[in-house]
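# Residue-level structural notes
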Amino acid sequence: MFAYIRFESFGVLVMDGKVDRLFHSNLVLIAALNEETGIGLTISEFKQYLPDSVFLVVDGNSSDNTAHVAASLGAKVVYQTGRGKGNALSQGLQHIGSTIDYVILTDADYTYPAVFVPKMLQILYDDPRIGMVCGNRFNSHFGLKGMADLFYFGNRALAFAHNMLNGINLRDPLTGLRVVRSEILKKWKPKSESFDIEVELNHVVERQGYHIMEIPISYRSRIGEKKLKPKHGFEIFRRMLTESI
Ligand SMILES: Nc1nc2c(ncn2[C@@H]2O[C@H](COP(=O)(O)OP(=O)(O)OP(=O)(O)O)[C@@H](O)[C@H]2O)c(=O)[nH]1
Ligand SMILES: [Mg+2]
């Protein structure tokens, strides 16, 4: 049935490279605004690798079928009361159940391949000093074809500013694929309402005394309309400044 089955010392079952829950439980948290074309592919793919996880979609009152598609695939859907990606994730954090050990953050646009998540979880199981594992899109292992030039250069400039201002040295500080210990998130009340949420999260993890680790990932072109606009770069930069004070 399975090509190989291996028991880790602390009770995690790895089957064909998929991490299955015995003693650990995961929540996949997705902010989604008008993502009816990407949300189904995203949830289906993550379910292949994390069959026992709880899926929570915070829908930004989409005018399309996003919520319906997510619910039809078994995700719990909550409707956002505010606006912005950060606001949506903040609302989602309030739904982390007491049994959840790890929270997986990803986008609803099918950009982040789920295949990397079991390895990211494994890193957290293995090293209690690491609080968050991030998927690094800017690496030599995988060609980065999924990002338009303007956003590539914007990302690189903001990564440089992040590392200079905040002393947190990350190749991809704005990545949307993250696996985080739930105890970190349960103590966090985000200030960020928008796309600055990732910058704030990097600081929260470090301030709580944990390290952040990055692993190389591949990145696909998004399905559906992009919500991030060049103007959001200023919000992200402002958050870097306020977090560095
Ligand atoms: N609930 C909610 N989700 C949002 C909002 N704005 C963006 N999102 C979601 O946040 C995620 C990230 O937005 P994206 O447009 O993918 O931004 P990005 O990942 O920086 O850019 P690309 O994926 O490269 O286009 C997506 O799943 C969006 O649907 C919002 O106001 N409310
Ligand atoms: Mg995206």
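Look above for the structure.
Thresholds applied
- Residues numbered from 1 in each chain as written.
- Chains lettered and ligands numbered in written order.
- Predicted model: local features only at pLDDT ≥ 70, side-chain atom pairs only at ≥ 80, totals over all residues.
- Near = placed C-beta within 6 Å.
- Helix = DSSP H or I, 4+ residues; strand = E, 2+ residues; numbered from the N terminus.
- Nonpolar A, V, L, I, M, F, W, Y, C, P; charged D, E, K, R; others polar.
- Axes fitted to C-alpha atoms, helices over the stretch in contact; angles between N-to-C directions.
- Parallel < 35°, antiparallel > 145°, perpendicular 65-115°, else oblique.
- Left-handed = near helix turned anticlockwise from the far one by under 90°.
- Contact = placed C-beta atoms within 7 Å.
- Core = buried A, V, L, I, M, F, W, Y, C linked by C-beta atoms within 7 Å.
- Buried ≥ 20, exposed ≤ 12 C-beta atoms within 10 Å, placed from the backbone.
- Pairing = 2+ DSSP bridges.
- Right-handed = clockwise from strand over helix to strand, strands pointing away.

Not every one of the 22 residues close to ligand 1 is listed here, only the nearest: Ala31, Gly60, Ala88, Ala108 and Lys227. Listed by contribution, the elements that provide at least two residues to the shell around ligand 1 are β4 (26-32), β5 (54-59) and α3 (85-93). Of the residues assigned to the shell around ligand 1, the class counts are 8 nonpolar, 5 polar and 9 charged.

Moving on to the packing of helix α7 (residues 197-207) against helix α8 (residues 232-244). The geometry of a pair of packed helices is captured by two quantities: the angle between their axes and the separation between those axes. Contact geometry for α7 and α8: axes closest at 8 Å, N-to-C directions at 25°. It follows from the interaxial angle that α7 and α8 lie roughly parallel. When the axes of α7 and α8 are compared, the crossing they make is right-handed. Contact residues: Val199, Glu200 and His203 in α7; Ile236, Arg239, Met240 and Glu243 in α8. Residue composition of the contact of α7 with α8, by class: 3 nonpolar, 1 polar and 3 charged.

Grouped together as the largest cluster of nonpolar side chains are 53 residues, with contacts concentrated most on Leu29, Val57, Val103 and Val179. Broken down by element, this core gets its largest block of residues, 6 residues, from β4. If we ignore the near neighbours within four places in the chain, the residues touching leucine 29 are Leu56, Leu89, Gly92, Val103, Ile104 and Leu105.

Right, let's talk about the pairing of β4 for a bit. By the criterion of burial, β4 is predominantly enclosed, with 7 of the 7 residues buried. Judged by which residues are buried, β4 turns out to be covered on both faces: Asn26, Val28, Ile30 and Ala32 on one side and Leu27, Leu29 and Ala31 on the other are all buried. By the bridge criterion, 6 bridges tie β4 to strand β7 (residues 102-107) in an arrangement that is parallel. The partner of alanine 31 across the bridge, within β7, is aspartate 107. For β4 and β5, the ladder comprises 6 bridges, and the chain directions are parallel. Each bridged residue has a counterpart across the sheet, and for leucine 27 the counterpart in β5 is valine 54. Assessed by its sense of winding, the connection that carries the chain from β4 through helix α1 (residues 39-49) to β5 is right-handed.

Just distances and angles here, no functional claims.
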